[in-house]
Amino acid sequence: GSELMPDELLLQVALSLEAHPDNLAAALYGGFTNAWLEGNGAQCVRHEVYGSVIPITAVPAFKVPTSHARNALAPTVSRADASFNISRAALLVHALTRDPSLLFIGTQDRLHQDSRRSVYPDSMALLDALRAEGLPAVISGAGPAVLVFGTVGDIELVRAAAGEQWQVSERTVARLGVHNSPVMTP
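Residues numbered from 1 in each chain as written. Predicted model: local features only at pLDDT ≥ 70, side-chain atom pairs only at ≥ 80, totals over all residues. Heavy atoms only, no water.

With that settled, consider helix α7 (residues 154–162). Looking at α7, one finds that the buried residues are Asp154, Ile155, Val158 and Ala162. Along the axis of α7, the buried residues cluster in a sector spanning 100°; they form a single face. Buried residues belonging to α7 abut β4 (54–60), α6 (121–132), β6 (146–150) and β7 (166–170). Gly163 sits one or two residues past α7 and shows a positive phi near 80°. (Buried < 20%, exposed > 50% of the residue type's maximum accessible area, 1.4 Å probe, protein only. Helix = DSSP H or I, 4+ residues; strand = E, 2+ residues; numbered from the N terminus. Arc of directions from axis to C-beta. Contact = heavy atoms within 4.5 Å.)

So, on to the pattern of salt bridges. Going through the model one piece at a time under the given rule, you end up with five salt bridges. The partner of Asp128 in a salt bridge is Arg117, with the nearest N and O atoms 2.8 Å apart. Highlighted residues: Asp128 in helix α6 and Arg117 in the loop between α5 (103–106) and α6, separated in sequence by eleven residues. Since its relative accessible area comes to 35%, Asp128 is described here as partly exposed. Classification of Arg117 as partly exposed rests on a relative accessible area of 30%. (Salt bridge = Lys/Arg side-chain N within 4 Å of Asp/Glu carboxyl O.)

Checked against the element boundaries, Arg116 lands in the loop between α5 and α6. Of the side chains with opposite charge, Asp109 lies nearest to the buried Arg116, which makes no salt bridge, at 7.6 Å. Leave out the neighbours within four places in its chain, and Arg116 touches Ala69, Arg70, Ala72, Leu73, Gly141 and Ala142. (Lys, Arg positive; Asp, Glu negative; His and termini not counted.)

In structure tokens, the structure reads:
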């Protein structure tokens with residue numbers, strides 16, 4: 001016979017292959033996910049992204065190893081900066097799911113992006129230009145790609161700011177993650 005592996009078990013199996021539950025949860029469940037490690041396993045919750053939000057990526061031709069981006073971060077952060085980022089992260093969940101007018105504020109950062117400015121100055125210059133236009137732009141993950149939570153028509157602003165050296169694309173938010181196929185059992 002065959003039976004489906006429960007999603008929770010699938011997440012734990014995947015965690016043995018990839019140590020970042022944030023990457024896994026998005027791939028497995030689609031939508032917008034929050035994931036965290038708890039004990040020896042991972043947990044996640046899934047949200048629907050507000051219908052008018054269009055992710056736009058700007059990917060440069062150059063690459064930056066994640067280790068370089070991580071090494072640029074300070075080993076400690078101030079309480080004020082930690083509090084700032086926690087409040088913005090919480091607001092970002094609300095902005096992405098219920099009120100996109102708050103995306104610009106929800107994407108503010110004091111812990112990562114400025115610390116990495118010397119690692120990918122071109123990415124930070126694009127980020128600065130987009131935010132100066134009022135677009136909620138962030139460095140995607142450890143960089144150097146830039147992600148904008150845009151709306152209809154914003155891709156033209158991103159293309160104009162990025163220039164020809166960047167690959168600019170509108171993305172869709174996957175409604176489903178991987179499809180859990182039946183597992184054959186004896």
